[in-house]
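What follows is each chain in one-letter form.
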Amino acid sequence: MHSTTTTDIPSVAPLDAFGAADLETVGGKAANLGELIRAGLPVPPGFVVTTEAYAAVAANAGPDTLPGTPGADGDGPAPATLRTAVREATVPDGLRDAIATAYRGLGPDTPVAVRSSATAEDLPGAAFAGQQDTYLNVVGVDAVMDAVRRCWASLWTDRAVAYRRERAIDPGRVRIAVIVQEMVDARVAGVMFTADPVSGDRDRIIVDAGAGLGEAVVSGLVTPDHYVLDRRGSLLEWTPGRDETVIRPAAGGGVRATAASDATGPRAGEDAAAHEVGPRTGEGPDGALLGPDRLSVLVAYARTIAAHFGRPQDIEWALTGDRLRVVQTRPMTALPPPSVPLDRRQRLQASILTEYLPVRPYPMDVSTFVAHGPADMMREIAEYYGLEGAFRDYLREEDGVVVRLVPPSPRPAPRALWAPVVLVRKARRFRPADWAEDPRQRAFLDEVAALEAVDPRGLPWAELVRMPGRALGLLTYCRDLRIDYLPGSGLALARLALALRLLGRGGLLPDLLGGARTRTEDADRALADLAATVREDPDLRALFTEHEPSGVMAALDDGRFPEWRAAWERFLREYGRRETTSPLLVSPPTLAESPEVVLGLVRSLVDGPAPTDDAVSRSREALASLLDHPLLRGRRAERRVRRLLRAAQEAVAFREDTHFFFTAMLPTLRRALLEIGARLCRVGVVEDPFDVFHLRLEEVTEAGDPDTLGQERRRRLRSLVRARAAKRAELAGVPMIDPARVFPRRTSADALVTGSAAGAGTATGPVRIIRGAAEFHRLQDGDVLVCPCTNPSWTPLFRRAAAVVVDSGAIASHAAIVAREYGIPAVMGTGTGTSVLTDGTRVTVDGSRGLVTAAS
């Protein structure tokens, strides 16, 4: 053992001696309590056993137990070993005496609450709620010392270690203090949020209250009274609790939990007359535990505390006698962005952006492909034709992490008056049928190929950090081509749509356009060919049907089926530049980087019927039906209609194929960024090359060559990565925008979900929720595909699906267009389909009315 003394170490001190500046000394919880005392809030008296005291005891437990050693949160002793070592370590006499003296200062054998206060808890992005231990109604010096030891040891619980690792919190910077605070023998207690944790509404204060100690509410042992108030203290809503359990202090120490029906008697030191709060015997109307006056005081505390800390707070409070106490506060985590009304133009932008941004962008995404990629290209095109504000400034960040999506409201600029003239000129000059032969498209493909030939691993740092800019610069070609050829595309589609409407055949438009030949359709055919080969070979078929994609991959890596593998690799080379998640993000892997996704798609096609050219067949049938119109039976009229149709199909192909090509530089961009990450990893700035996505590109370039990076800059970058990783983990599952604002729910008594009618007809089948590319293989023939979003890599699934239901998007979205081409019902923009519907439930999808109902 290594002995130490506590000389000159602030090992024990009163709570009111500390504040926000003392985080490293007393941890987040104690620092917050100190701030509350300074703000004049009624906090129970107590003291803190500081982090320096923990460090002294941890040193006595052995050097491998000290924070920051490999055993603490990585390789080495297991957490259980560390907990035991800390609990059994020698406590220096001076420290023990200081704790005993401070405890006696609260009064003889005063019951206390002993709570952990780690330096990484109760902070923005890392609440650590419940990760370290708390002990209630602790009585006597020996019991207090034992509780302090257990709190120290709880720094190394399995759950706390996992929580820190998930949030990339540096174990070398984590220590723990312990709060010893006068016990509040509460008759009612609970929690209070200074914003609505579900909706994110900052104008609401939420109070949950239960009889007895607040532990029953905090730990979920009781369904509490639930109060919703505005910031003036007006009660907007009250839901009575169910009083399943009441926790009271036990005689001699500790607590006891009893059924509410057995917990209505007086507590120690309280006469029966004073004990008025039991199940449904509260001070408010109809048995509410809290009356209006008490709620007004809590709301006043909530406003004061939130204002003091400058952000919404999660507060624990207790009522003893007639006095309210505040026993804890922490920043609210995982708080949704405020739900704000959207105008029609904002809803349109939001329907596009939520489809294109199904996941939260990383800082590297924001500074590269979001800032200078396809969305920025769409902004430039809109501005060229006189529409200001589209796809501009739509992401809001906190601490370097995207927290909100705020759709812009585009507006026409003065030059929009000249747009019709420009559109007509462009439409006459640039025919969509000619775009692939445009010299700019050939130059674009040549430069993409040249960049792909560069191995970023061999580049000097200065050239490596220029590669992302070179890759993004190629989108200039795509922008200019779209500016020139979109007017002709729009005009061709408008002409055909108008002709069909005049002829009373408008319903034929989707089927007619389905015959367009596109690169996406080419990829689907190539994938179908791969599946056909598997279907015809008994051994290959057995491999795909009996194994998950990872097992198929392992077999191919072992050299089995070399001819099929060669065909599969040709597919990846030809079509693997496509995105798997979003055309606006660089952080998700491309299709070529996700070979198991392609294998999953092949597997999904193997078990189903051999694919046919349904879209082409329907297009021919629709054309035959159209030409049967009495006004189109002459040869001249037929030629004119065929010419209109061919031009419209070429317009569709232009739209799809330019989308296919504007992600062509994604592999190069990703390889460059991951090589930057690899070099930062080698010098210890990040733990994994992918962690570079937690940084912005300018932060990396400004820092300089990692090989010459100073310690201070390394530390700063490392700190940014860890803080942003923690913030991102906090926001996991929190939407960037309220889907109900983007996709307002329509009233329908029997509908499970509603949305935009995007593909005609009805179909019934079992729900299959597919959340991402890794789950493609789960879709079975005849399933109703339910997903958060789609992009062109999802297209092969539409061959098997009976219908499609999508959380995001609108009638012009990729999923809607493809569904119409395949002739299956589609409901877009449900907002809640993936959360309301469940796998295997049989539903009926009405694509004509935008309804999903339970199958009868």
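Nothing here was measured: the structure is a model prediction, and the numbers come from that model.

## A few points about the overall build of the protein
- Helices and strands together make up the secondary structure of the protein, namely 31 helices and 25 strands.
- The principal-axis extents of the C-alpha atoms in the protein amount to approximately 105 × 65 × 65 Å.
- Restricting the contact set of the protein to residue pairs at least 6 apart, pairs at least 24 apart contribute 69%.
- In the form shown here, the protein has an accessible surface area of approximately 36000 Å², with 51% of it arising from carbon and sulfur atoms.

## Quick notes on the pairing of strand 15 (residues 395–398)
- Pairing between strand 15 and strand 16 (residues 401–405): 4 bridges, direction antiparallel. Along strand 16, the bridge assignment pairs Glu397 with Val402.
- Counted between consecutive antiparallel strands, the loop separating strand 15 from strand 16 contains 2 residues, among which Asp399 sits at a positive phi close to 55°.

## Some thoughts on unusual backbone geometry
- Even without being glycine, Asn137 reaches a positive phi, approximately 55°.
- With respect to the helices and strands, the residue Asn137 is situated in strand 4 (residues 134–138).
- You can call Asn137 buried: its relative accessible area is 5%.
- Even without being glycine, Asp399 reaches a positive phi, approximately 55°.
- Secondary-structure assignment places Asp399 in the loop between strand 15 and strand 16.

## Here we look at the packing of aromatic side chains
- In total, this model carries 15 aromatic pairs according to the counting rule given.
- Here Trp435 and Phe654 contribute two aromatic rings whose centre-to-centre distance is 5.6 Å and whose plane-to-plane angle is 80°, an arrangement assigned as edge-to-face. Here the residue Trp435 occupies a position in the loop between helix 13 (419–429) and helix 14 (439–452), and Phe654 occupies one in helix 25 (residues 635–661), the gap between them amounting to 219 residues. In terms of burial, Trp435 and Phe654 fall into one category: buried.
- Centre to centre, the rings of Tyr485 and Phe654 are 5.8 Å apart; their planes meet at 40°, and the pair counts as tilted. Residue Tyr485 is found in helix 17 (residues 475–502), and its partner Phe654 is found in helix 25; the two are separated by 169 residues along the sequence. Phe654 carries the same exposure label as Tyr485, and that label is buried.
- Three or more aromatic residues joined by ring pairs make a cluster, and in this case those are Phe430, Trp435, Tyr485, Phe571, Tyr575, Phe654, Phe660 and Phe661.
- Over the aromatic face of Tyr362 sits the side chain of Arg728, whose NZ or CZ is 3.6 Å from the ring centroid.

## Details of the sheet that holds strand 1 (residues 12–14)
- Here we have 5 strands laid out as an open sheet, ordered 1-2-5-3-4, and antiparallel in their pairing. Strands with a single pairing partner mark the edges of an open sheet, and in this sheet they are strand 1 and strand 4. Here the strands of the sheet are splayed against their neighbours by 20° on average, with no regard to which way each runs.
- Relative to strand 5 (residues 176–182), strand 2 (residues 46–49) is paired through 4 bridges, and the arrangement is antiparallel. Pairing of Val48 across the sheet is with Ile179, part of strand 5.
- Packing against the sheet, helix 1 (residues 23–38) makes contact with strand 2, strand 3 (112–118) and strand 5, and its axis sits at approximately 125° to strand 3.

## Description of a nonpolar patch on the surface
- On the surface, a nonpolar cluster with roughly 380 Å² of combined accessible area is contributed by Leu417, Trp418 and Val421.
- With respect to the helices and strands, Val421 occurs in helix 13.

## Some points on empty space enclosed by the protein
- For the structure shown, the criterion picks out 3 cavities of 30 Å³ or more.
- For the largest cavity, the calculated volume is near 110 Å³.
- Taken together, Thr520, Ala523, Asp524, Leu527, Phe571, Arg578, Leu591, Leu601, Pro792, Ser793 and Pro796 make up the lining of the largest cavity.
- The element contributing the most residues to the lining of the largest cavity is helix 19 (residues 519–536), with 4 residues.

## Focus: the packing of helix 19 against helix 23 (residues 595–606)
- Helix 23 packs onto helix 19 with a crossing angle of 60° between their chain directions and a minimal axis gap of 9 Å. Relative to helix 23, the element helix 19 is oriented oblique. The hand of the helix 19/helix 23 crossing is right-handed. Each of Leu527, Ala528, Leu530, Ala531, Val534 and Arg535 in helix 19 lies in contact with helix 23, whose residues at this interface are Val598, Leu601, Val602, Leu605 and Val606.
- Residues that form the contact of helix 19 with helix 23 fall into these classes: 10 nonpolar, no polar and 1 charged.

## Observations concerning the nonpolar core
- With 97 residues, the main nonpolar core has Trp564, Trp568, Phe571, Val602, Ile676, Leu785 and Phe798 as its most contacted residues.
- When residues of this core are assigned to their parent elements, the largest contribution, 7 residues, is made by helix 23.
- One finds Val57, Val86, Val91 and Ala102 within the second-largest nonpolar core, a separate group that totals 36 residues.

## Some words on the sheet that holds strand 9 (residues 235–239)
- If you trace the 6 strands from one edge of the open sheet to the other, you get 9-8-7-6-12-13, paired in antiparallel fashion. Both outer strands of the open sheet, strand 9 and strand 13 (323–331), are each paired with one neighbouring strand and no more. Sheet twist, expressed as the mean angle between neighbouring strand axes with direction ignored, is 20°.
- With 6 bridges connecting them, strand 6 (residues 188–193) and strand 7 (residues 204–211) associate as antiparallel partners. Looking at the pairing, Ala189 lines up with Gly210 of strand 7.
- Of the strands in this sheet, strand 6, strand 7, strand 8 (225–230), strand 9, strand 12 (313–320) and strand 13 are in contact with helix 9 (residues 292–309), which crosses strand 13 at around 35°.

## Digging into helix 14
- Here helix 14 is 14 residues long and its end C-alpha atoms lie 20 Å apart, about the 20 Å a rise of 1.5 Å per residue gives.
- Three or more residues of helix 14 are buried, namely Gln441, Phe444, Val448 and Leu451. The buried residues of helix 14 occupy an angular sector of 90° when projected down its axis, which confines them to one face. Away from its buried face by more than 90 degrees, helix 14 exposes Pro439 and Asp446.
- The inward-facing, buried residues of helix 14 contact helix 16 (467–473), helix 17, helix 25 and helix 26 (666–682).
- A side-chain oxygen of the first residue of helix 14 lies 2.9 Å from the backbone nitrogen of Arg440; this N-cap is Asp438.

## A look at the confidence of the model for the protein
- For the protein, the average pLDDT comes to 88, and 91% of its residues sit at 70 or higher.
- Contacts for the low-pLDDT stretch residues 121–130, under 50 throughout, to residues beyond four places or in other chains number 41 contacts.

## Quick notes on the pattern of salt bridges
- Taken as a whole and assessed by the stated rule, the structure comprises 52 salt bridges.
- One salt bridge in this structure joins Asp438 and Arg440, with 3.0 Å as the shortest N-O distance.
- Given a relative accessible area of 9%, Asp438 falls into the buried group.
- Residue Arg440 is classed as partly exposed on the basis of its relative accessible area, which comes to 24%.

Calculation criteria
Residues numbered from 1 in each chain as written. Predicted model: local features only at pLDDT ≥ 70, side-chain atom pairs only at ≥ 80, totals over all residues. Heavy atoms only, no water. Helix = DSSP H or I, 4+ residues; strand = E, 2+ residues; numbered from the N terminus. Contact = heavy atoms within 4.5 Å. Areas by Shrake-Rupley, 256 points an atom, 1.4 Å probe, with all protein chains shown as cover. Pairing = 2+ DSSP bridges. Buried < 20%, exposed > 50% of the residue type's maximum accessible area, 1.4 Å probe, protein only. Phe/Tyr/Trp six-rings, centres within 6.5 Å; stacked < 30°, edge-to-face > 60°. Lys NZ or Arg CZ within 6 Å of the ring centre and 35° of its normal. Axes fitted to C-alpha atoms, helices over the stretch in contact; angles between N-to-C directions. Patch = residues over 30% accessible without salt bridge, like charges linked within 9 Å, V, L, I, M, F, W, Y side chains within 5 Å. Salt bridge = Lys/Arg side-chain N within 4 Å of Asp/Glu carboxyl O. 1 Å grid on protein atoms, 1.4 Å probe; cavity = no way out; pocket = protein on both sides within 12 Å on 5 of 7 lines; lining within 4 Å. Points joined across faces, edges and corners; volume = space filled by probe spheres on them. Parallel < 35°, antiparallel > 145°, perpendicular 65-115°, else oblique. Left-handed = near helix turned anticlockwise from the far one by under 90°. Nonpolar A, V, L, I, M, F, W, Y, C, P; charged D, E, K, R; others polar. Core = buried A, V, L, I, M, F, W, Y, C linked by side-chain atoms within 4.5 Å. Expected span 1.5 Å × (residues − 1). Arc of directions from axis to C-beta. Polar contact = N/O pair within 3.5 Å; in protein donor to acceptor, adjacent residues only side chain to side chain. pLDDT = per-residue confidence, 0-100.

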